[in-house]
Amino acid sequence: MTARSTLLLAVPVSWAGLWTAPLAELAPDLNIVVHERDKYDPKTIDYALGFRPEPGLLGSLPNLKVVFSLGAGVDGFLADSNYPKQIPLVRFVDHQLSREMAQYCVMHTLIHHRQQRMFDGFQQERKWRQSVPPRHTEDTRVGILGIGEIGTMAAERLRDHDFKMAGWSRTRKQIAGVESFAGHDELAKFLGRSDILICLLPLTPDTRHILNAKTFAQLPKNAFVINVARGGHLKEQDLIAAIDSGHLSGATLDVFETEPLPESSPLWSHPRITVTPHVAAISDPRVMAKNAVDGIARHKAGKPLENVVDFTRGY
Ligand code: NDP
Ligand code: OXD
């Protein structure tokens, strides 16, 4: 790194240490300031790194050059109506993150497919029950909404477990063993063939509340839903109603409209819903720090940045 630049870390102060240490180690010449912990002049900030920065913050930095997201999803930035869209926003794309996400999808697909929660119940009751109707993997159709970086890896790994795979995206894909459905015109057909539906879409105005009563009605009876993308994709009351009516067999949810999920939420205790606290993938802060340091070096060298968000698409 040539001239000394300043990076603003826009994360809760109690978490900041996770990134300041690897950033300082990887880029000793980089000046690091933590929002709400350190005093700083907004004019001195060249780069910013964060996940859900407070609205208006990034727009108040007159010399900001690049923003780096700590997450793959950038809805936390785009929710800020004052986000400075002339400044490139780089999202986090990482093999390890995709692998953990794919693992979560495989694990919860298998837990459902192999009826593990039912066996957990039998164990609680000390019941030895072998007379369980088999489910044939080749006949079980898994559909992934969003077949990007993470969705593609999840689809390939589930395909390798012999599930019948399909993906839905804006543009047509060619992935061996994964049927491609593209655009709104093909959504109903895609849903109609999805016994297990996994949401891996970015949260944008087009995809908000895509997991709603109409969508659930288009799924086959007894379909199962896994939402691992954003809570804003799901209408929680519609999901509960579709499960309670007997149309859906259940759901696994890692993300919620309000996080942390309030103690009063009925999702916690629903017998057919599994809740995890937004932990499908926990990225290594060192990898995240390296991503930002490499991006800063590219920017300084005048090289094109990678994984830049397209503000017109919203992801
Ligand atoms: P990508 O941008 O690589 O992929 C997004 C996919 O969604 C693409 O296939 C894209 O289509 C498709 N898509 C977007 N908008 C539409 C639309 N309107 N209609 C149809 N398809 C659409 O994202 P990632 O795979 O990297 O990440 C996906 C999401 O996963 C993140 O945005 C984040 O919300 C979530 N996530 C959750 C984590 C967790 O711990 N729970 C951790 C990491 C990510 P096309 O390919 O045609 O552009
Ligand atoms: C992400 C996340 O978007 O952790 O990376 O949710």
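For the structure itself, consult the block above.
Residues numbered from 1 in each chain as written. Chains lettered and ligands numbered in written order. Predicted model: local features only at pLDDT ≥ 70, side-chain atom pairs only at ≥ 80, totals over all residues. Heavy atoms only, no water.

Student: An account of the site of ligand 1 is requested, with residue identities and associated values reported.
Tutor: By nearness alone, 29 residues border ligand 1, and Arg-91, Glu-149, Thr-171, Lys-173 and Tyr-315 come closest of all. Contacts to ligand 1 include Ile-147, whose backbone N or O atom sits 3.0 Å from an oxygen atom. Residue Arg-170 places a main-chain N or O atom 3.1 Å away from a nitrogen atom belonging to ligand 1. When ligand 1 is considered free in solution it has 950 Å² of accessible area, and contact with the protein chains removes 93% of it. Mapped by element, the contributors of at least two residues to the shell around ligand 1 are α5 (149-159) and β7 (164-169). Counted by class, the shell around ligand 1 contains 14 nonpolar, seven polar and eight charged residues. (Near = heavy atom within 4 Å. Polar contact = N/O pair within 3.5 Å; in protein donor to acceptor, adjacent residues only side chain to side chain. Areas by Shrake-Rupley, 256 points an atom, 1.4 Å probe, with all protein chains shown as cover. Helix = DSSP H or I, 4+ residues; strand = E, 2+ residues; numbered from the N terminus. Nonpolar A, V, L, I, M, F, W, Y, C, P; charged D, E, K, R; others polar.)

Student: Can you lay out the site of ligand 2 for me, pointing to particular residues and giving the numbers?
Tutor: Lining the immediate environment of ligand 2, one finds Phe-51, Gly-71, Ala-72, Gly-73, Arg-230 and His-278. Taking Gly-73, its main chain carries an N or O atom lying 2.8 Å from an oxygen atom of ligand 2. Interatomic distance of 2.7 Å between a side-chain N/O atom of Arg-230 and an oxygen atom of ligand 2. Alone, ligand 2 offers 210 Å² of accessible surface; in the complex the protein occludes 80% of this. Classifying every residue of the shell around ligand 2 by side-chain character gives two nonpolar, three polar and one charged.

Student: Can you lay out the nonpolar core for me, pointing to particular residues and giving the numbers?
Tutor: One broad rule of soluble globular proteins: the nonpolar side chains tend to lie buried together. Membership of the largest hydrophobic core comes to 49 residues, with the highest contact counts inside it found for Ile-144, Ile-198 and Leu-200. Looking at this core element by element, the count peaks at six residues for helix α3 (residues 95-113). Residues in contact with Ile-144, not counting those within four places in the same chain, are Gly-151, Ala-154, Ala-155, Leu-158, Met-165, Ala-166, Gly-167, Trp-168, Phe-190, Ile-198 and Leu-200. Leu-191, Leu-219, Ala-251 and Phe-256 belong to the second largest nonpolar core, which has 29 residues in total. (Core = buried A, V, L, I, M, F, W, Y, C linked by side-chain atoms within 4.5 Å. Buried < 20%, exposed > 50% of the residue type's maximum accessible area, 1.4 Å probe, protein only. Contact = heavy atoms within 4.5 Å.)

Student: A description of the pairing of strand β6 (residues 141-145) should follow, citing residues and the corresponding values.
Tutor: The two faces of a sheet get side chains in turn, since along a regular strand they alternate between them. Among the five residues in β6, four count as buried, and that is most of the element. Where β6 meets strand β9 (residues 196-199), four bridges bridge the pair, whose relative direction is parallel. By the bridge assignment, Leu-145 is partnered in β9 with Cys-199. (Pairing = 2+ DSSP bridges.)

Student: I'd like a description of the packing of helix α1 (residues 17-26) against helix α9 (residues 285-300), backed by residues and values.
Tutor: Between α1 and α9, whose axes approach to 9 Å, the crossing angle comes to 50 degrees. Here α1 is positioned oblique relative to α9, judged by the angle of their axes. The two elements α1 and α9 cross, and the hand of that crossing is right-handed. Here α1 contributes Leu-18, Trp-19, Pro-22, Leu-23, Glu-25 and Leu-26 to the contact with α9, which in turn contributes Pro-285, Arg-286, Met-288, Ala-289, Lys-290 and Val-293. (Axes fitted to C-alpha atoms, helices over the stretch in contact; angles between N-to-C directions. Parallel < 35°, antiparallel > 145°, perpendicular 65-115°, else oblique. Left-handed = near helix turned anticlockwise from the far one by under 90°.)

Student: Quick one: what's the story with the sheet that holds β9, residue by residue and with numbers?
Tutor: Strand order in the open sheet made by the seven strands is β8-β7-β6-β9-β10-β11-β12, with parallel pairing throughout. Across the chains shown, the open sheet's two edge strands, defined by having one partner strand only, are β8 (178-182) and β12 (273-275). Each neighbouring strand pair of the sheet contributes to a mean axis angle of 15 degrees, computed without reference to strand direction. Pairing geometry for β9 and strand β10 (residues 223-227), over four bridges, is parallel. By the bridge assignment, Cys-199 is partnered in β10 with Asn-227. Packed on one face of the sheet, helix α8 (residues 236-244) meets β10, β11 (248-253) and β12 and runs near 145 degrees to β11.

Student: Run through α8, naming residues and quoting values.
Tutor: Among all positions in α8, only Leu-239, Ile-240, Ala-242 and Ile-243 are buried. One face of α8 carries all of its buried residues, which in axial projection span an arc of 165 degrees. The outward face of α8, more than 90 degrees from its buried face, is lined by the exposed residues Gln-237 and Asp-244. Positioned one or two residues after α8, Gly-246 has a phi angle of 90 degrees, which is positive. (Arc of directions from axis to C-beta.)

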